[in-house]
Amino acid sequence: MISENLKKVEEEIAETCLKTSRNRSEIKLIAVSKTQSAGAINQILECGIKNLGENKAQELRDKSEIILGDFFWHFIGHLQTNKVKYVIKAADFIHAVDSEKLASEINARAAQINKIQNVLLEIKTSAEESKHGLRTEDEIYKLVEHCNNSSNLKLIGLMTMAPFTDDEKIIRQSFVSLRLLKEKINQRGMHLTELSMGMTNDFKIAIQEGSTMLRIGTALFGERNYK
Ligand SMILES: *Cc1c(COP(=O)(O)O)cnc(C)c1O
């Protein structure tokens, strides 16, 4: 089933890339493996997946000890400062940095193990109350600057979650605002390359609006079973 799901998702990505004149090779497909068993994850790795995403710190730590191979781990969830220690070794990318305190802790822990940590800033692009992420441009520019001045952080891009809605216009708006924000930051001399946006229900819109990192779980593994 997983290999068929992956094939279908890849077809949809390819079709959307074709329609929007985008190159498939500039988009990473992150298989969001939270709650999934090692068996299921190994299965998708055998199909050629090169990126896995987890959103719970201890879950990433535990899985990274038993699931091995030639692929990258992405920590995509909200990260509490006191849990950085669990992910710092395994996470090749940390997607949802949203405070100086968190950035400083990541930088310090990365320095201890001599690692340059790839990070993205989580931006709140909708009015939905439950979402984490930076809101004002002031906050955003301050944190960009802070990351720049941190020797063991490499700020590579921005991440967002679209609001939970069927309204395509509202979803698109959220992705467009992330793309424009990246351009604005780059006009100030940064070289951000990544836009982490697009999940099972909205990844085609995300590709149309410039996503370089799709975070897809359900469409690949099926409905999650939270026990
Ligand atoms: C779970 C999760 C996803 C994947 O969601 P699906 O709808 O299953 O594709 C993407 N991003 C984040 C941050 C998540 O927590």
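Above this text you will find the structure in question.
Residues numbered from 1 in each chain as written. Predicted model: local features only at pLDDT ≥ 70, side-chain atom pairs only at ≥ 80, totals over all residues. Heavy atoms only, no water.

Digging into the packing of helix H5 (residues 100–112) against helix H6 (residues 137–148)
Piece 1. Across the interface, H5 lies against H6 with an axial gap of 10 Å and an inter-helix angle of 15 degrees. Between H5 and H6, the crossing angle belongs to the class labelled roughly parallel. The way H5 lies across H6 gives a crossing that is right-handed. Of H6, the residues touching H5 (which contributes Glu100, Ala103 and Ser104) are Lys142, Leu143, His146 and Cys147.
Piece 2. Looking at side-chain class alone, the contact of H5 with H6 contains three nonpolar, two polar and two charged residues. (Axes fitted to C-alpha atoms, helices over the stretch in contact; angles between N-to-C directions. Helix = DSSP H or I, 4+ residues; strand = E, 2+ residues; numbered from the N terminus. Parallel < 35°, antiparallel > 145°, perpendicular 65-115°, else oblique. Left-handed = near helix turned anticlockwise from the far one by under 90°. Contact = heavy atoms within 4.5 Å. Nonpolar A, V, L, I, M, F, W, Y, C, P; charged D, E, K, R; others polar.)

Points about the environment of Thr35
Piece 1. Along the chain, the position of Thr35 falls in the loop between strand S1 (28–32) and helix H2 (38–46).
Piece 2. Using a relative accessible area of 31% as the deciding quantity, one classes Thr35 as partly exposed.
Piece 3. Distance in space between the C-alpha atoms of Thr35 and Asp138 is 36 Å, their sequence separation being 103 residues.
Piece 4. Not counting chain neighbours up to four residues away, the residues in contact with Thr35 comprise Glu59, Lys63, Arg224, Asn225 and Tyr226. (Buried < 20%, exposed > 50% of the residue type's maximum accessible area, 1.4 Å probe, protein only.)

Brief notes about the site of the ligand
Piece 1. Around the ligand sit Val32, Lys34, Asn55, Ile76, Met161, Met199, Thr200, Arg215, Ile216, Gly217, Thr218 and Arg224, and those are all the residues in its vicinity.
Piece 2. Between the ligand and the protein, one listed contact pairs an oxygen atom with a side-chain N or O atom of Thr200 at 2.5 Å.
Piece 3. Thr218 has a polar side-chain atom sitting 2.5 Å from an oxygen atom of the ligand.
Piece 4. Against a free-state accessible area of 390 Å², the protein chains account for coverage of 91% of the ligand. (Near = heavy atom within 4 Å. Polar contact = N/O pair within 3.5 Å; in protein donor to acceptor, adjacent residues only side chain to side chain. Areas by Shrake-Rupley, 256 points an atom, 1.4 Å probe, with all protein chains shown as cover.)

With respect to H2
Piece 1. Taken together, the buried positions of H2 are Ala40, Ile41, Ile44 and Leu45. Seen end-on, H2 carries its buried residues on one side only, within an arc spanning 140 degrees.
Piece 2. Buried residues in H2 make contact with helix H1 (2–19), S1, strand S2 (51–54), helix H3 (57–66) and helix H9 (218–221).
Piece 3. Just downstream of H2 lies Gly48, where phi reads positive at about 105 degrees. (Arc of directions from axis to C-beta.)

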